[in-house]
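What the coordinates show
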Amino acid sequence: MVDEARTATSPEDAGGSPIDALGKRTGMWFFLFTELLFFGGLFLLYSIYRYKFPADFHQAAADENLILGSVNTAILLTSSLAMALAVAALRRGEIRRSVRLQGTTIALGSVFLVIKGIEWGSKIARGIYPNGPTLLSLKNGEIIFFGLYFSMTGLHALHVLVGIAVIAFMIRFTRRGVIGPDRYARLENTGLYWHFVDVVWIYLFPLFYLIT
Amino acid sequence: MDGSGLERRPDETALSPNGTYVAVWAALLVFLGLTIVVARIHVAPFGAAANLLIATVKAALVLVFFMHLRSEGRFLKIMLGVAIGALTFIIMLTFSDVLFRR
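Residues numbered from 1 in each chain as written. Chains lettered and ligands numbered in written order. Predicted model: local features only at pLDDT ≥ 70, side-chain atom pairs only at ≥ 80, totals over all residues. Heavy atoms only, no water.

A few words now on the pattern of salt bridges. Residues and elements named next belong to chain A. Inspection of the entire model under this criterion finds nine salt bridges over all chains. Here Lys139 ties to Asp56 by a salt bridge, and the two come within 3.7 Å at their closest N and O atoms. Residue Lys139 is found in the loop between α6 (133-136) and α7 (140-176), and its partner Asp56 is found in helix α3 (residues 54-61); the two are separated by 83 residues along the sequence. Lys139 sits in the partly exposed class, given a relative accessible area of 44%. Asp56 sits in the buried class, given a relative accessible area of 10%. When the shortest N-O distance is used, the salt bridge between Arg97 and Glu94 registers 3.3 Å. Of the residues examined, Glu94 reaches a relative accessible area of 32% and is grouped as partly exposed. One salt-bridge network, in which partners are shared between bridges, spans Asp63, Glu64, Lys123 and Arg126. (Salt bridge = Lys/Arg side-chain N within 4 Å of Asp/Glu carboxyl O. Helix = DSSP H or I, 4+ residues; strand = E, 2+ residues; numbered from the N terminus. Buried < 20%, exposed > 50% of the residue type's maximum accessible area, 1.4 Å probe, protein only.)

Here it is, written out as structure tokens:
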């Protein structure tokens, strides 16, 4: 009974493949929509407070290191290229190349986190951290700017960290043949996640580093 | 026929040749340079808007090419539109309050 029902609606009958590739991607995209609204709430807060304290935001943003921020943006964009090429390589059956490219993505993501850590470290050393002595002596708008800076880049960095961990699993799957040219949905979905995190940074960069 | 030399099932995304991904990456870096220049030359009050516009172009490049939105069906595109539309609506609704407070 159950089997009958299943075969009757199987995609093979409709001339498709036994793997529901679109269904797997759709699930990932829906998760990304929830992520969009998750980050969206913070972007909303940012825009309200920037509207209320334009001068304070302007002044506080001078503390951001434009060179480190720009280099980090370039690194993350490059990591997205490596990820896109890794998915393409796996689909073409170039297993070793795909593993190398996934490794490159992890390496670039790690460099991004190290640079982010240097930026945070420099602020923390100068007493700019939540409830820090220097921070509390600043104007209200500046305190809010740094609060948003830490929460938004922190949440973003957490996503990069999760992405790195997931890609590490993908490298294992690729090596063991769990995923391959015919079953690459996991890697493709990992790619979608990684690119989404890249898109979030594309917006964070001008909001924190380019208010001059 | 997506230039990748691979047959693809109807429910798969179209694979681009490696050159396309590299070209998109190069374009992203050019826009990164452009956004820094725009921020540096102080064209306020248009600087912030220009930088958000450039960010949106970069995001679109990532979505269309790296995330293969180009070859996705209408269903996913509409759903993405609904998600972005919902966020835009929330922001507009909030500002309809914030902008007019006394």
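Moving on, we come to the confidence of the model for chain B. Across chain B, the average pLDDT comes to 89, with 90% of residues at 70 or higher. The ipTM assigned to the predicted complex is 0.91, against a pTM of 0.91. (pLDDT = per-residue confidence, 0-100.)

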